[in-house]
Amino acid sequence: MKWFLFLAVTSLFGCASSPWNTQSSKDEFTDSYSCKVVYGTDFQKSFAKSAGGIHYYPFVEKNTDGVIFGIHNDYNIPVGNVQIRVDQNEYVEISTSDTPIKYAAQSENVDMSYLSGANGIDTQALQKSMSQTMANVQKMSSPYTAVSGEKAQKIIEQLRYGSVLKMRIMGFGINATKSTTGEYPLGDDFKLALSKCGI
C-alpha cells in the first residue's frame, strides 16, 4: 500500500507559511556554518506526527564541506535506501552507503591493536576492515540517508528547475510495490530558500 506522506497540514495552513523554509546554525567551537533548506515547519511536522505514521522529509544542506541532499524522518529511525525522481528525469537511488559519515549513527570504535604481534594476523588490515564495517553499520543505522558530491549536485540542479519531487522509501528491502512514497512541490518558496542558503 502506498502512503502519500507530504504534509497535509500545509494545505490547511498554506496561507500562513510555505512548505519550504531555511534553518541555519553555527558551531560555537569551530565556527563552521550550516544552512538547510527543509520541508515543513516544526509546527507542521508536529501536527503531521500527531496524526500517526512515519513521515519522511527531504532537505538540502550547504556547509563547509559542500552541498548535501538527504532524507530524514520524524522518529529518528533508520531510513534505508531511497529512490527519488524530479518530474520526468530518470530516477536516482540514494543508498545508505552514500551517506556522509557526519549523518551516521554514533558508535564506539573497535580497537584491534591488542592483536598486534599475534602470529598470522595482519592487525593493520584487520583494523581497516573492522573500521569500514563499523562505518557501514553506522550509516545503515542512521535516521538520515544522504548524498554529497557530484550526485548531490545533480539532484539539486534537477530540483532547482523542477516542479515536483517524488520520493520512494525502499528501506532495506527490494519490493517497490510495498514501499512508502510521497510527493513534494517545488515552487517559488523552494527556489527562494535555496537562494537564502547560497545554493
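Residues numbered from 1 in each chain as written. Predicted model: local features only at pLDDT ≥ 70, side-chain atom pairs only at ≥ 80, totals over all residues. Heavy atoms only, no water.

So, on to the state of the cysteines. Counted according to the given criterion, the structure contains 1 disulfide. The disulfide partner of C35 is C197, and the gap between their sulfur atoms is 2.0 Å. Taking the sign of the S-S torsion, -70 degrees for the link of C35 and C197, the bridge is left-handed. In this pair, C35 sits in strand β2 (residues 33–39) while C197 sits in the segment after α5 (188–196), placing the two residues 162 residues apart along the sequence. A relative accessible area of 4% places C35 in the buried class. Looking at C197, the relative accessible area reads 8%, which means it is buried. (Disulfide = S-S within 2.5 Å. Helix = DSSP H or I, 4+ residues; strand = E, 2+ residues; numbered from the N terminus. Buried < 20%, exposed > 50% of the residue type's maximum accessible area, 1.4 Å probe, protein only.)

Throughout the structure, instances matching the rule amount to 4 aromatic pairs. The interplanar angle of 75 degrees and the centroid separation of 5.0 Å between the aromatic rings of W20 and Y39 together place this pair among those described as edge-to-face. Placement of the pair is W20 in strand β1 (residues 20–26) and Y39 in strand β2, with a sequence separation of 19 residues. For W20, a relative accessible area of 5% puts it in the buried group. Given the relative accessible area of 1%, Y39 is considered buried. Their ring planes at 90 degrees and their centres at 5.9 Å tell us that F59 and Y144 sit as a pair that is edge-to-face. Placement of F59 in strand β3 (residues 56–63) and of Y144 in strand β7 (residues 144–148) is noted, with a sequence separation of 85 residues between them. A relative accessible area of 0% places F59 in the buried class. (Phe/Tyr/Trp six-rings, centres within 6.5 Å; stacked < 30°, edge-to-face > 60°.)

Take unusual backbone geometry next. A positive phi is found at D31, a non-glycine position, where the angle reads about 65 degrees. Along the polypeptide, D31 turns up in the loop between β1 and β2. Of note, D87 is a non-glycine position whose phi angle comes to about 50 degrees, a positive value. Note on D87: relative accessible area 27%, which makes it partly exposed.

Here T22 is to be found in strand β1. In this structure T22 comes out as partly exposed when scored by relative accessible area, which is 29%. For the pair formed by T22 and A193, sequence separation is 171 residues and the distance between their alpha carbons is 5.9 Å.

Residues I54, Y75 and I77 make up a contiguous nonpolar surface patch of about 230 Å² in total accessible area. In this fold, Y75 is placed in the loop between β4 (66–73) and β5 (81–86). Its relative accessible area of 39% is what places Y75 among the partly exposed residues. (Patch = residues over 30% accessible without salt bridge, like charges linked within 9 Å, V, L, I, M, F, W, Y side chains within 5 Å. Areas by Shrake-Rupley, 256 points an atom, 1.4 Å probe, with all protein chains shown as cover. Salt bridge = Lys/Arg side-chain N within 4 Å of Asp/Glu carboxyl O.)

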